[in-house]
Amino acid sequence: MLQHLTIPRGPIELAADLHLPDGVDGEAPLRAVVLSTPGSSVKEQIGANYATRLAARGIAALVFDPAHQGQSGGEPRDLEDPYRRGEDISYAIDTLETLPGIDPQRIGVLGICAGGGYAVHTARTDHRIRAVGTVVAGNMGTSFRGFQPDGPTTALDAMAEARTQENRTGELGRDNWLPDTLEDAATAGMTDIDTTQAITYYRTERGHNEHSTNRRLSRGDSLLLGYDAFHLVDELMTQPLQVVLAGRRGNTNSYEAGMRLWELAPNPVDLLVVEGAGHYEMYDVPEYVDAAVDRLAKFYTNHL
């Protein structure tokens, strides 16, 4: 069962979908999981793939569009602010706690890709989250600093100049998350398997959604450069942790990030490496997603 919801978030609202197990009788309150999705994605994409499967295994799952993205409110559009992404999760829990049939004492979080880092960062200080699951989690700060060819401080200098220019012209710049086509990627010399699989998912009928713009507001990049999703995890994130990794390593570095999280966490419970899977294949390839959700459902059942 699917319910469309709006989540109050100060002056704006977040668009959300609540996936519920079929045949809910309302007698026993449900355990529930809030999903934190990859950067650039919307609720109908990767989040829905995991939410529907969790619901089929008896766990309510709430997936939402981040503020400034998708069908959620917020200006300027296409902003990827890692701190606001974390706050979005807490606002989603605010709403989830008030819903009939949901047990507010049994709420967990599932973060995927960049959303994994956002979920972890939020769980450190929002202990209404009772269990933390991640799938191919990434630390966007580490990743984004690594993307800068001349280093992060040089990039920050350039961003400062660009923002000053934007303030003069009133025109806000935007960058692509990915090349829009495989042809564009090839022209740019980006032929590695992770990039091509990302484009095949996001920019073709396989995973495309009209509300996912593939654009990122440029002035938000400085926030990403200064971010560390795993800061103080070793001291503050006491909740049980499930880590799911793709077995094939690649340029997303999610394998390395997941192992780093596993080593830092005070309460790691289970580590699953899905052999043969690449990062983006964990988004929608049924055999890999089902393997992840089977283990996650067991984890949430035991710890929520």
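Residues numbered from 1 in each chain as written. Predicted model: local features only at pLDDT ≥ 70, side-chain atom pairs only at ≥ 80, totals over all residues. Heavy atoms only, no water.

What about the nonpolar core?
Generally speaking, a soluble globular protein has its nonpolar side chains buried in company with each other. Formed by 47 residues in total, the largest nonpolar core has its most connected members in Val34, Leu62, Ile89 and Leu96. Looking at which element gives the most residues to this core, the answer is helix 3 (residues 114–123), with five residues. Not counting the four nearest positions on each side in its chain, Leu96 is found in contact with Leu18, Ala32, Val34, Leu62, Ile102 and Ile107. Core analysis: the next-biggest nonpolar cluster, separate from the first, contains 38 residues, Tyr50, Val274, Tyr283 and Tyr288 among them. (Core = buried A, V, L, I, M, F, W, Y, C linked by side-chain atoms within 4.5 Å. Buried < 20%, exposed > 50% of the residue type's maximum accessible area, 1.4 Å probe, protein only. Helix = DSSP H or I, 4+ residues; strand = E, 2+ residues; numbered from the N terminus. Contact = heavy atoms within 4.5 Å.)

Structural notes on the sheet that holds strand 3 (residues 30–36)
By definition, the strands of a sheet pair up through backbone hydrogen bonds, in either a parallel or an antiparallel sense. Read across the open sheet, the eight strands follow the order 1-2-4-3-5-6-9-10; overall the sheet is mixed. Each edge of the open sheet is held by one strand with a lone partner, namely strand 1 (2–9) and strand 10 (268–274). Averaged over all pairs of adjacent strands, the angle between their axes in this sheet comes to 20 degrees, without regard to strand direction. Direction of pairing for strand 3 relative to strand 4 (residues 60–64): parallel, over a ladder of four bridges. Across the sheet, residue Leu35 finds its bridge partner in strand 4, namely Val63. Seen against the sheet, helix 10 (residues 254–264) touches strand 6 (132–135), strand 9 (241–246) and strand 10 and runs at an angle of roughly 160 degrees to strand 9. The strands touched by helix 12 (residues 286–303) are strand 3, strand 5 (102–112), strand 6, strand 9 and strand 10; relative to strand 10, the strand with the most contacts, the crossing angle is about 170 degrees. (Pairing = 2+ DSSP bridges. Axes fitted to C-alpha atoms, helices over the stretch in contact; angles between N-to-C directions.)

Here we look at the side chain of Gln69
Here Gln69 is to be found in the loop between strand 4 and helix 2 (82–98). Discounting chain neighbours no more than four positions away, the residues touching Gln69 are Ser40, Ser41, Arg77, Asp78, Leu79 and Glu80.

What to know about helix 3
Burial runs high along helix 3: ten of the ten residues are buried. Ala114, Gly115, Gly116, Gly117, Tyr118, Ala119, Val120, His121, Thr122 and Ala123 are the residues of helix 3 that are buried.

Side note on the pattern of salt bridges
Summed over all chains, the structure comprises 22 salt bridges. We note a salt bridge from Asp65 to Lys43, for which the minimum N-O separation is 2.9 Å. One end of the pair, Asp65, is in the loop between strand 4 and helix 2; the other, Lys43, is in helix 1 (residues 43–56), with 22 residues separating them in the sequence. The two residues Asp65 and Lys43 agree in class, both being buried. (Salt bridge = Lys/Arg side-chain N within 4 Å of Asp/Glu carboxyl O.)

Considerations on the environment of Ser36
Looking at the element boundaries, Ser36 is found in strand 3. Spatially, the C-alpha atoms of Ser36 and Tyr118 are 7.1 Å apart, while their sequence positions differ by 82 residues. Once residues lying within four places of it in the same chain are set aside, the contact partners of Ser36 are Arg85, Ile89, Leu110, Gly111, Ile112, Gly115, Gly116, Tyr118 and Ala119. Here Gly115 takes part through its backbone oxygen, which lies 2.9 Å from a polar atom of the side chain of Ser36. (Polar contact = N/O pair within 3.5 Å; in protein donor to acceptor, adjacent residues only side chain to side chain.)

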